[in-house]
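Summary of structural features
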Amino acid sequence: MSNITTDKTKNITSLHKHSWQDIFTGAQMLFVAFGALVLVPLLTGLNPNVALFTAGVGTLLFQLTTKGKVPVFLASSFAFIAPISFGVAQWGIPATLGGLVAAGFVFMLFAFLVKMNGSDVIDRILPPVVTGPIIMVIGLSLAPVTVGMAMGKDSGLQAENYQLILISMASLLTTLVVAIWAKGFLKLLPIISGIVVGYALSCLFGIVNFQPVIDAPWFKVPDFTFPEFHWQAILYMLPIVIAPTIEHVGDIMAISTVTGKDYTRDPGLQRTLLGDGLATSTAGFFGGPPCITYAEVIGAVTLTRNFKTRVMTWAAIWAILMSFIGKIGAFLGSIPTVVMGGIMVLLFGSIASVGINILVKHKVDLSVPRNMCIVSLVLVFGIGGMIFDFGSYALQGISLCGILAIVLNLILPHQVKPTDSH
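Residues numbered from 1 in each chain as written. Predicted model: local features only at pLDDT ≥ 70, side-chain atom pairs only at ≥ 80, totals over all residues. Heavy atoms only, no water.

**As for helix α18 (residues 337-361)**
Across its 25 residues, α18 extends 35 Å between first and last C-alpha, which sits within 8% of the 36 Å expected from 1.5 Å per residue. At Met-344, α18 shows its maximal bend, which comes to roughly 30 degrees. At the C-terminal side of α18, Lys-363 shows a positive phi close to 55 degrees. (Helix = DSSP H or I, 4+ residues; strand = E, 2+ residues; numbered from the N terminus. Expected span 1.5 Å × (residues − 1). Bend = angle between axes of the 7 residues up to and from the residue.)

**As for the confidence of the model for the chain**
The predicted model of the chain averages 82 in pLDDT, with 89% of residues at 70 or higher. Confidence drops under pLDDT 50 across residues 1-16; counting only partners more than four residues distant or on other chains, this segment forms 9 contacts. (pLDDT = per-residue confidence, 0-100. Contact = heavy atoms within 4.5 Å.)

**Topic: helix α8 (residues 143-151)**
Listing the buried residues of α8 in full gives Thr-146, Gly-148, Met-149 and Ala-150. Positive backbone phi, approximately 80 degrees, marks Gly-152, located one or two places after α8. (Buried < 20%, exposed > 50% of the residue type's maximum accessible area, 1.4 Å probe, protein only.)

**Here's the deal with the side chain of Thr-54**
Relative to the helices and strands, Thr-54 resides in helix α3 (residues 48-65). Exposure remark for Thr-54: the relative accessible area of 3% places this residue in the buried category.

**Comments concerning the layout of surface pockets**
If a probe the size of a water molecule is rolled over the atoms, the empty space left behind becomes visible. When its volume is computed, the largest pocket comes out at roughly 1,300 Å³. The set of elements that each furnish at least two residues to the lining of the largest pocket consists of α6 (120-125), α7 (128-140), α9 (161-181), α10 (190-204), α13 (242-259), α14 (264-286), α15 (295-304) and α18. Ranked by residues supplied to the lining of the largest pocket, first place goes to α18 with 9 residues. By volume, the second largest pocket is sized at about 350 Å³. Surrounding the second largest pocket, 21 residues form its lining, Ala-82, Phe-86, Ser-141, Leu-142 and Tyr-236 being those nearest its centre. Mapped onto the lining of the second largest pocket, the elements with two or more residues apiece are α4 (81-91), α8, α18, α19 (369-384) and α20 (397-411). When residues of the lining of the second largest pocket are assigned to their parent elements, the largest contribution, 4 residues, is made by α4. Broken down by class, the residue content of the lining of the second largest pocket amounts to 14 nonpolar, 7 polar and no charged. (1 Å grid on protein atoms, 1.4 Å probe; cavity = no way out; pocket = protein on both sides within 12 Å on 5 of 7 lines; lining within 4 Å. Points joined across faces, edges and corners; volume = space filled by probe spheres on them. Nonpolar A, V, L, I, M, F, W, Y, C, P; charged D, E, K, R; others polar.)

**What to know about the environment of Pro-289**
Mapped onto the elements of the fold, Pro-289 is located in the loop between α14 and β2 (291-293). The exposure class assigned to Pro-289 is buried, which follows from its relative accessible area of 1%. Spatially, the C-alpha atoms of Pro-289 and Thr-44 are 8.9 Å apart, while their sequence positions differ by 245 residues. The residues contacting Pro-289, other than those within four sequence positions of it, are Val-40, Pro-41, Leu-46, Ala-51, Thr-54, Ser-76 and Ala-283.

**Observations concerning the environment of Asn-371**
Summarising the element assignment, Asn-371 is placed in helix α19. The class for Asn-371 is buried, based on a relative accessible area of 12%. A C-alpha to C-alpha distance of 6.5 Å links Asn-371 and Val-129, two positions 242 residues apart in sequence. Sequence-distant contacts of Asn-371, that is, excluding residues within four places in its chain, are made with Val-129, Val-364, Asp-365 and Leu-366.

**Looking at the packing of aromatic side chains**
Summed over all chains, the structure comprises 12 aromatic pairs. A ring pair is formed by Phe-86 and Trp-91, whose centres lie 6.0 Å apart and whose planes are at 80 degrees; its orientation type is edge-to-face. The exposure class of Phe-86 is partly exposed, given its relative accessible area of 25%. (Phe/Tyr/Trp six-rings, centres within 6.5 Å; stacked < 30°, edge-to-face > 60°.)

**Remarks on the pattern of salt bridges**
Pairs may arise between side chains of opposite charge once their charged atoms sit close together. Across all of its chains, the model carries 3 salt bridges by this definition. A salt bridge links Asp-266 to Lys-69; the nearest nitrogen and oxygen atoms lie 2.8 Å apart. Linking Asp-266 in helix α14 with Lys-69 in the loop between α3 and β1 (74-76), this pair joins segments that are 197 residues apart in sequence. We classify Asp-266 as partly exposed; its relative accessible area is 42%. Among the residues examined, Lys-69 registers a relative accessible area of 32% and is labelled partly exposed. Among the ionic pairs, Arg-265 bridges to Asp-262, the shortest N-O distance being 3.4 Å. (Salt bridge = Lys/Arg side-chain N within 4 Å of Asp/Glu carboxyl O.)

Quick look at the structure:
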């Protein structure tokens, strides 16, 4: 017990000491987040250099909002991959960015509700029977596209089919092995490990074009894209925030457990949600993907036991500086789609598994008719591609599922299971 007390005292004391090592530890934290940070823009058509810039700026905004008390780094959320991909295909990048700016304001709305009514308001609005199936739909809605990428369909790559599937499956297998069996710091890098192996095989088979990397300048201002606001894209994006909100609450509770401080009370969940909202809206204004608290960085904090928020400040500064290196974006753009496809198979499946786990963990009884109806309709509407076409606007996908689940949960009567009367 005395050793534990001594370790805690050392950790608390170290929080107030400045060290040049913080600069390099910040780079390490960015490296942990790098896989997801650049994976989202590469899969959705956004610019990876802009994503680096907005992640850095978003993290600094989060620290200002939370008074520099929460040691987290903000990066792209996987929950937004499918919605952004659909939005870009349907309305284009500027309109999709407008929807993401609006999505940031939904975070801010939740922050206001928490401030007015307490943190339990989120559980009342978004109970597990609502969030579980919606998250499952987010993970499964683009499963056919993901499998197509893993098989190299319409990739234009000059390689045999068996070579493409070998690359994607090697990326997938590496990601699985590192996520399950790796130890220490390496366990935090399953996505980067999968990309490295897939990229190496792609080079071996001669399908990587290095010319754009050679031609790219070392210094280059990121290609910022500014949003356009179309109400169809905005209405589509608003319900997407449901899943990241639940993810955010879990992340804040996790980092609170690691550091021994209750961040839901100080600085408060309303401030952390506000920080995510400001970061997401700011990212949308510059052309980057949404920025929210990132679980892998929390894992790195747990492993290193470094609770300094200054480390995250340096990680943000590193991200901003790297965003101005043109060759980074060109290199990331040279990664073949089959590499990403293999990783996405696991990625989207894991998102769906999170939805299932929510239902199981909270013991949602699907033998109760109201619960069964909510889950069943959301899954079939979402995966089946149901569309409510109103002429100038079509309600579909995750936005339809979100509205459907919330409305059904509000209007369907709660039923009490009969008890034995012996």
